[in-house]
Amino acid sequence: MKKLIIFIVFTFSWFCFGQIPTDSILKKALIGIYENPDESLKIGNNLLAKEKDPNTKIEIYLLISNAYVAKRNYDESLKNLLKAKELLNESSTIKLKINLLVAIAMQYQQMELFSKSFETLNEVENNLLQTSDDNFKFSNLGRNYAIRGMIYKNQSNPELALEKFFIAEKNFKQAKLSKANLSNLSVVSYNIAYCYIEMNQFQKAKKYFIESATFAKKANAKSLEAFAYKGLAEMFHLNNQHQESLKMLADAEKIAGNNGDLVLNEGIYKGMADNYLALNNLTEYQFYNKKFQDIRFERKQSELKSINSSIDNQTKEMQKKTEIIASKYKKMNLVIIAVFLIFTGILIYLILKKRKANLAFKNKIRGIMLNE
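Residues numbered from 1 in each chain as written. Predicted model: local features only at pLDDT ≥ 70, side-chain atom pairs only at ≥ 80, totals over all residues. Heavy atoms only, no water.

Colleague: So what's going on with the overall build of the protein? Which residues, and what values?
Modeller: Each helix and strand counted, the protein has 14 helices and zero strands in total. In sequence order, the secondary structure elements of the protein are arranged as α-α-α-α-α-α-α-α-α-α-α-α-α-α. Considering the protein as a whole, with its 372 residues, one finds that 48% of them fall into the buried category. Considering only residue pairs separated by 6 or more positions, the protein has 65% of its internal contacts joining residues 24 or more positions apart. (Helix = DSSP H or I, 4+ residues; strand = E, 2+ residues; numbered from the N terminus. Buried < 20%, exposed > 50% of the residue type's maximum accessible area, 1.4 Å probe, protein only. Contact = heavy atoms within 4.5 Å.)

Next comes the structure, spelled out in structure tokens:
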């Protein structure tokens, strides 16, 4: 089975706003993040230009990062996460820290830096022990295990992935069923369905794709609903039900509209090309295959830019650490040299003192001998 594309939700279910107007505007931007990410970006950038409070600035950077993820622009998403991370020392809220760490873990997962993602997720769980807000805790445990499930799914381990996804689903259902959590449930159901496809259990896959679409409708998340239909289409294609598959893909394309989601559009056009090829309709196959190849190239370029940014950032971090270590060693060397010079000085002083005493003793003996 070919490697399956994973859709990740960066929706944040909780904000700790500093001002009521900002609170209201951020909520509006958050709700529309999948349906109209460009509008969310516009709102976020306008707020950022005027905001001074570090906590609220972190929230805005997270919003902007999420909007870029919805557009599959990982380069800009990563840049905004790193800007938010720089402000973390000025923030006093544990919830913001957790939200940011989850976002970073998701970014690592997207870039297939799995060990870094697990490391960050463990840090998230440790920080969740410090909060007494059950709704926040369940929601973030859900996101935590959803990311773990996606990692195992990426590694072609559907059994272990399902185990993590079911834990994620349980936690999301224990939290308040906000639009954010409904969106997260849609994503978890979508990924569960793909795990069952990989295990050739198509009836179970169909059940969870339908669940995914239902949750997405309740959340009014059109992009997620389109993903669910795309999944159903792939399942129909695998069962040689090509007309049914094309119908699902047409519905997905209609619902998605002009949202600019490269992964979604890539999947839709690839599905259409594959179905038309199976039906021996070469004209339609060539048309959709070209659209698929064009979008695939655009997505690869976007991901490559993101990886290059990550490498540049890690290089800068390593340079900073090297400079810190070098500075520490320089200070240590100065201390050692100073101690050595002091010790040498004391030793020379003692030697000279001893020589002076010996000389005085010799002179005394010489004087006694001359008197005799």
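Next comes the rest of the write-up.
Colleague: Can you lay out the packing of aromatic side chains for me, pointing to particular residues and giving the numbers?
Modeller: A complete count under the given rule lists 10 aromatic pairs for this structure. Here the aromatic rings of Tyr196 and Tyr208 are separated by 5.9 Å at their centres, their planes lie at 25°, and the arrangement is stacked. Taken together, the residues Tyr196 in helix α9 (residues 179-198) and Tyr208 in helix α10 (residues 202-219) connect sequence positions 12 residues apart. A residue is classified by how much of its surface remains accessible, and Tyr208, at 9% relative accessible area, is buried. Measuring from centroid to centroid gives 4.9 Å for Phe287 and Tyr288, while their planes differ by 85°, and the two rings are edge-to-face. Three or more aromatic residues joined by ring pairs form one cluster here, namely Tyr190, Tyr194, Phe209 and Phe227. Between the NZ or CZ atom of Lys270 and the centre of the ring of Phe292, over which it lies, the distance is 6.0 Å. (Phe/Tyr/Trp six-rings, centres within 6.5 Å; stacked < 30°, edge-to-face > 60°. Lys NZ or Arg CZ within 6 Å of the ring centre and 35° of its normal.)

Colleague: Explain the packing of helix α7 (residues 134-154) against helix α8 (residues 158-174) to me, using residue names and the numbers behind them.
Modeller: The interhelical angle for the contact between α7 and α8, taken along N-to-C directions, is 165°, at an axis separation of 7 Å. Comparing their axes, α8 and α7 come out roughly antiparallel. For the pair α7 and α8, the crossing hand works out as left-handed. Contacts from Phe138, Ser139, Leu141, Gly142, Arg143, Tyr145, Ala146, Arg148, Gly149, Met150, Tyr152 and Lys153 in α7 reach Leu160, Ala161, Lys164, Phe165, Ile167, Ala168, Asn171, Phe172 and Gln174 in α8. A class-by-class count of the residues in the contact of α7 with α8 yields 12 nonpolar, five polar and four charged. (Axes fitted to C-alpha atoms, helices over the stretch in contact; angles between N-to-C directions. Parallel < 35°, antiparallel > 145°, perpendicular 65-115°, else oblique. Left-handed = near helix turned anticlockwise from the far one by under 90°. Nonpolar A, V, L, I, M, F, W, Y, C, P; charged D, E, K, R; others polar.)

Colleague: For the environment of Ser212, give the residues involved together with the corresponding values.
Modeller: Tracing the chain through its elements places Ser212 in helix α10. Exposure remark for Ser212: the relative accessible area of 1% places this residue in the buried category. Counting along the chain gives 13 residues from Ser212 to Glu225, while the straight-line C-alpha distance between them is 7.1 Å. Residue contacts for Ser212: discarding those within four places in its chain leaves Ser186, Ser189, Tyr190 and Ala228. At 2.7 Å, the side chain of Ser212 and the backbone oxygen of Ser186 are in polar contact. (Polar contact = N/O pair within 3.5 Å; in protein donor to acceptor, adjacent residues only side chain to side chain.)

Colleague: Can you break down the side chain of His242 residue by residue, with the values?
Modeller: Its place among the elements puts His242 in helix α12 (residues 242-256). With residues near it in sequence (within four places) discarded, His242 still touches His237, Asn275, Ala278 and Leu279.

Colleague: Describe the nonpolar core, listing the residues and the values that go with them.
Modeller: Core analysis: the biggest nonpolar cluster contains 67 residues, and Phe209 and Met272 have the highest contact counts within it. Broken down by element, this core gets its largest block of residues, 11 residues, from α9. With residues near it in sequence (within four places) discarded, Phe209 still touches Tyr190, Ala193, Tyr194, Ile197, Ala228, Gly231, Leu232 and Met235. Membership of the second largest hydrophobic core comes to 24 residues, among which are Ala29, Tyr61, Leu88 and Leu100. (Core = buried A, V, L, I, M, F, W, Y, C linked by side-chain atoms within 4.5 Å.)

Colleague: Give me the lowdown on the packing of α10 against helix α11 (residues 222-238), citing residues and values where you can.
Modeller: Packing of α10 against α11 leaves a shortest axis separation of 8 Å and a crossing angle of 160°. In this view, α10 runs roughly antiparallel relative to α11, as classed from their interaxial angle. Crossing of α10 over α11 shows left-handed handedness. On α11, the residues that touch Phe202, Ala205, Lys206, Phe209, Ile210, Ser212, Ala213, Ala216 and Lys217 of α10 are Leu224, Glu225, Ala228, Tyr229, Gly231, Leu232, Met235 and Leu238. Looking at the contact of α10 with α11, its residues break down into 12 nonpolar, two polar and three charged.

Colleague: Report on helix α5 (residues 94-110), specifying residues and quantitative values.
Modeller: For α5, which comprises 17 residues, the first-to-last C-alpha distance of 24 Å matches the rise-based estimate of 24 Å (1.5 Å per residue) to within 8%. Counting buried residues in α5 gives 14 out of 17 residues, a clear majority hidden from the surface. Residue Glu112 follows α5 closely and has a positive phi angle near 60°. (Expected span 1.5 Å × (residues − 1).)

Colleague: Hey, could you go over the environment of Arg296 for me, with residue numbers and the actual values?
Modeller: Counting through the fold element by element, Arg296 comes out in helix α14 (residues 282-371). With relative accessibility at 32%, the residue Arg296 sits in the partly exposed group. It is 8.0 Å that separates the C-alpha atoms of Arg296 and Val263, two residues lying 33 residues apart in sequence. Polar contacts involving the side chain of Arg296 include one to the side chain of Glu266, which spans 3.4 Å.

Colleague: Which residues make up the pattern of salt bridges, and what values do they have?
Modeller: A complete count under the given rule lists nine salt bridges for this structure. Among the ionic pairs, Glu76 bridges to Lys79, the shortest N-O distance being 3.5 Å. Of this pair, Glu76 and Lys79 both sit in helix α4 (residues 74-86), three residues apart, which is roughly one turn of the helix. What makes Lys79 partly exposed here is its relative accessible area of 36%. Note that Glu169 is salt-bridged to Lys173, the shortest N-O span being 3.7 Å. In this pair, Glu169 and Lys173 both sit in helix α8, four residues apart, roughly one turn of the helix. Classification of Glu169 by relative accessible area gives buried; the value is 10%. (Salt bridge = Lys/Arg side-chain N within 4 Å of Asp/Glu carboxyl O.)

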